[in-house]
Amino acid sequence: MSKSSPRRFAGRSTGTVTVIEAKVHRSSARNAKMAFILTAVIVGLLSAVVAASYWHPIVSLVVGALIGVPTGAAVWLLVRVWPVIRLLWWWSLETTLAVLLLTAWVQLANHTPTLVTLLVVALVVGVPAAIRPVRRQVKAWTWCLIVRHRLRVCFAQFIIANQSGSLPLILWAKPTPVGERVWVYLRPGLSAKDLEGRLDKIAVTCHASTVLIERASENNAAYLRFDIKRREVLTAHVGSPLVDVIDPSAPVSASPLTVPTALDLPDVDAPTIRIPAQGKPATKQPAASTANGSKPAASSASPEADDVSDWI
Amino acid sequence: MTTTIPTTADAVPVGPGLSMFDPIFIGIDEFGQPVYLDVIYRNLLTAGEPGGGKSGLINNICGHAALCDNTRLVLFDAKLVELGPWRDLADAFIGPDIDQGIDVLRRLLVVATNRYAWLLANRRRKLADGDGMSVIVTIIDELAMFSTVLGTKQQQEEFSTLLRGLVSLGRACGMPVVAATQRPSWDIIPASLRDLFGYRAAFRCTSLNSSNIILGQGWAEQGYTASDISPTNQGAAYLLAEGGVPRRIKAAYLTDTDIYNIADYAAWTRRPTSSTGTPAVNPTEWEMAA
């Protein structure tokens, strides 16, 4: 029952496919044994206590054992095959989809002539493929399926949470305009901070551009939201809804303006430059002048606004 | 709402019924979701290198405010053209004239103080939607022009001090401030003024340091730096608002035609401002400066 080596998946690169990892297998065997003993003892004792009110205590003990041992065996079996059940659960949606698809295909092929079969298939496949929004939706939801598996790979392969190797619960996923958003419930041993240092690796595993993590709940630190980005929307042109609420044919209402005529440098005479007087003019940069020739340097130039020739 | 502004068109203009208490649409976030900003109870500082898209964001807010009922605009734009389209709608439009700017800020501070007295008399601490009091939105483009370039040192300091007063007082009495500048370092804006702005929008910067100055110390080290925005992607920014973590956004873009269309429509539908002492715009003054 060794439970030491923390690098449980290190160095597994052989061609064989193991459904249940060795460590998981071992700990599963131990867990199953413990579950059997605990269930058998507790259920057996409870049954014996209840039975004692009807029969002789020795008879009720035997009855308790008779009920406890089979219940324990059932629990042992459940714990023993749990890794397989978990695997089936992970792939349940895909399996169901595949079964449905195959069933539909077989039924169609059996009950319709070949030409009709092909026509139906062409329609079912062709119409979503031809209509862009539908195609995009299908693609987006497919990515949602894929990304949940990729996230699980991340957690299993390089984000080892705890000694028993329990993985976070990967909840539902939904498409966003830039990729997918997946909700995850962390198990003990992980925190959002641990994950933030590995965002680049998660992005690589998910075949994405970047991944962001945010807490999905203010009250529960275990409940996280993964935002997986595949597309950039910030380069898009964003229009304002204000344009839609107005009537563009509104009458023009602009107060008349006097346009200055001195629009080029030679048009502006040197003495008319109004210099913003600074506290310490000698150390400041004289770049800021509102020079456009129409305002004589009079009122707003301050008294210490000195000799213009200093500035030129 | 109907209008009493005489119009030449044969249609009766209907206002879009916006309010400054509504969240303002400013663009989309990196997930393509719309981003709204509550400017009414927060002050917004936008900064970034020239051509980053600051004016786009400011014009969005200005456009929204112009279409809002019971909202007054006070616009500062030393460059004239960024906020110039809204000059006829604004209660005050200040061009490159710091004296006028200081006067307007003083008036705003008096209004703010009076409003707090009113709130106190009404046993309240904050202006709400149903109060019927106008929202006065102050928008400043190129804040650095007023705080470092125009006027004398004393005037600049006075401007900064008055603005600091308005920013710290205006929040709860319906007088939000939106300011834009290129680099809000201490030599451009006093740090005491900069830190009063609750919302920050950092458009493209050239260095981590500049980004930190806008968003606040430490964000660049955590990966939120406006220096990673592509120079060709105008309008992309980091927005530090609700949520407490900077978000990447893309500000909505209004073309010049859009801006003028919205301004014309807003002028058409606006109720006449009951500004006896305050002309809706004082064109002569800033035209003379031009």
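Here the residue index of a chain counts from 1 through its sequence in written order. The naming scheme follows written order: chains are lettered A onward, ligands numbered 1 onward. Per-residue local features are limited, in this predicted model, to residues with pLDDT of at least 70; the limit for side-chain atom pairs, both in listing and counting, is 80 or more; totals at the level of whole chains, interfaces and linings are taken over all residues. No hydrogens and no water enter the side-chain calculation; it runs on all heavy atoms of the structure.

Per an unreviewed UniProt entry, chain B goes by the name Cell division protein FtsK and belongs to Micromonospora arida.

**With respect to the sheet that holds strand S8 (residues 199–202) of chain B**
Residue and element names in this part refer to chain B. By definition, two strands form a pair when at least two bridges between them are found by DSSP. Think of it this way: any DSSP run of H or I at least four residues long counts as a helix, any run of E at least two long counts as a strand, and we number them from the N terminus. Taken in spatial order, the 10 strands of this open sheet run S2-S1-S10-S9-S8-S3-S7-S6-S4-S5, and their pairing is mixed. At either end of the open sheet lies a strand with only one pairing partner, and these are strand S2 (34–37) and strand S5 (92–94). On average, each strand axis in the sheet is inclined to that of its neighbour by 25 degrees, with strand direction left out of account. The pairing of strand S1 (residues 24–29) with S2 spans four bridges and is antiparallel. Bridging from a neighbouring strand, Ile 24 pairs with Leu 37 of S2. Each of strand S4 (71–77), strand S6 (135–141) and strand S7 (177–181) is contacted by helix H4 (residues 153–170), which is oriented at about 135 degrees to S7, the strand it contacts most. Here an angle of 0 to 180 degrees is reported between the N-to-C directions of two axes, which are lines fitted to C-alpha atoms, with helices fitted over the stretch in contact. Whether two residues are in contact is decided by their heavy atoms, any of which lying within 4.5 Å being enough.

**Observations concerning the sheet that holds strand S1 (residues 169–176) of chain A**
Residues and elements named next belong to chain A. Read from one edge to the other, the open sheet built from four strands follows the order S1-S2-S4-S3, with strand pairing classed as antiparallel. Across the chains shown, the open sheet's two edge strands, defined by having one partner strand only, are S1 and strand S3 (210–215). In this sheet, neighbouring strand axes are inclined to one another by 20 degrees on average, regardless of whether the strands run parallel or antiparallel.

**Comments concerning a nonpolar patch on the surface**
Residues and elements named next belong to chain A. To count toward a patch, a residue needs a relative accessible area above 30% and no salt bridge. Like charges then connect within 9 Å, nonpolar side chains (Val, Leu, Ile, Met, Phe, Trp, Tyr) within 5 Å. Surface accessibility in these figures is a Shrake-Rupley result with a 1.4 Å probe; residues are shielded only by whichever protein chains are displayed. Here, a salt bridge means any side-chain nitrogen of Lys or Arg that lies within 4 Å of a carboxyl oxygen of Asp or Glu. A surface patch of nonpolar side chains, about 710 Å² in accessible area, is lined by Trp 76, Leu 77, Leu 78, Val 81, Trp 82, Val 84, Ile 85 and Leu 88. Assignment of secondary structure puts Ile 85 in helix H2 (residues 57–90). Relative accessible area decides the class of each residue, using a 1.4 Å probe on protein chains only: under 20% of the type maximum gives buried, over 50% gives exposed, and in between gives partly exposed. Owing to a relative accessible area of 31%, Ile 85 belongs among the partly exposed residues under this scheme.

**As for the nonpolar core**
All names here are of chain B. Leu 73, Trp 86 and Ile 139 are the most contacted members of the largest nonpolar core, which totals 49 residues. Aside from chain neighbours lying at most four places away, what touches Leu 73 is Cys 62, Ala 65, Ala 66, Leu 89, Ala 90, Asp 91, Ala 92, Val 137 and Ile 139. Ala 92, Leu 162, Met 175 and Val 177 belong to the second largest nonpolar core, which has 30 residues in total. Joining through side-chain atoms within 4.5 Å is the link that ties buried Ala, Val, Leu, Ile, Met, Phe, Trp, Tyr and Cys residues into a set, and such a set is a nonpolar core.

**Here's the deal with the confidence of the model for chain A**
Per residue, pLDDT measures the predictor's confidence, with a range of 0 to 100. When the pLDDT values of chain A are averaged, the result is 79; 78% of them are 70 or greater. The lowest-confidence element of chain A is helix H8 (residues 242–245) of chain A, averaging 84 in pLDDT; the highest-confidence one is helix H3 (residues 92–111) of chain A, averaging 92.

**Digging into a positive patch on the surface**
On the surface, a cluster of positive charge is contributed by Arg132(A), Arg135(A), Arg136(A), Lys139(A) and Arg231(A). Note that Arg132(A) resides in helix H5 (residues 132–157). Counted as positive: Lys and Arg. Counted as negative: Asp and Glu. His and the chain ends are not counted at all. Just so you know, the charge point we use is NZ for Lys, CZ for Arg, CG for Asp and CD for Glu.

**Focus: the packing of aromatic side chains**
Pairing of aromatic rings covers Phe, Tyr and Trp, the last through its six-membered ring, and needs centres within 6.5 Å; plane angles under 30 degrees mean stacked, over 60 mean edge-to-face, and all others mean tilted. Per the stated rule, a full pass over the model turns up 12 aromatic pairs over all chains. Consider the rings of Phe25(B) and Tyr36(B), whose centres lie 5.8 Å apart with planes at 70 degrees: the pair is edge-to-face. Within this pair, whereas Phe25(B) is found in strand S1, its partner Tyr36(B) is found in strand S2, the two being separated by 11 residues in sequence. Seen in terms of ring centroids, Phe76(B) and Phe159(B) are 5.7 Å apart; in terms of plane orientation they differ by 75 degrees. Their pairing is edge-to-face. One end of the pair, Phe76(B), is in strand S4; the other, Phe159(B), is in helix H4, with 83 residues separating them in the sequence. Residue Phe76(B) is classed as buried on the basis of its relative accessible area, which comes to 0%. Through pairs of rings, three or more aromatic residues link up here, namely Phe76(B), Phe146(B) and Phe159(B). We count a charge as sitting over a ring when the NZ of a lysine or the CZ of an arginine lies within 6 Å of the ring centre and within 35 degrees of the ring normal. One Lys or Arg, Arg152(A), reaches over the ring of Trp90(A) and ends 4.0 Å from the middle of that ring. One Lys or Arg, Arg230(A), reaches over the ring of Trp143(A) and ends 3.7 Å from the middle of that ring.

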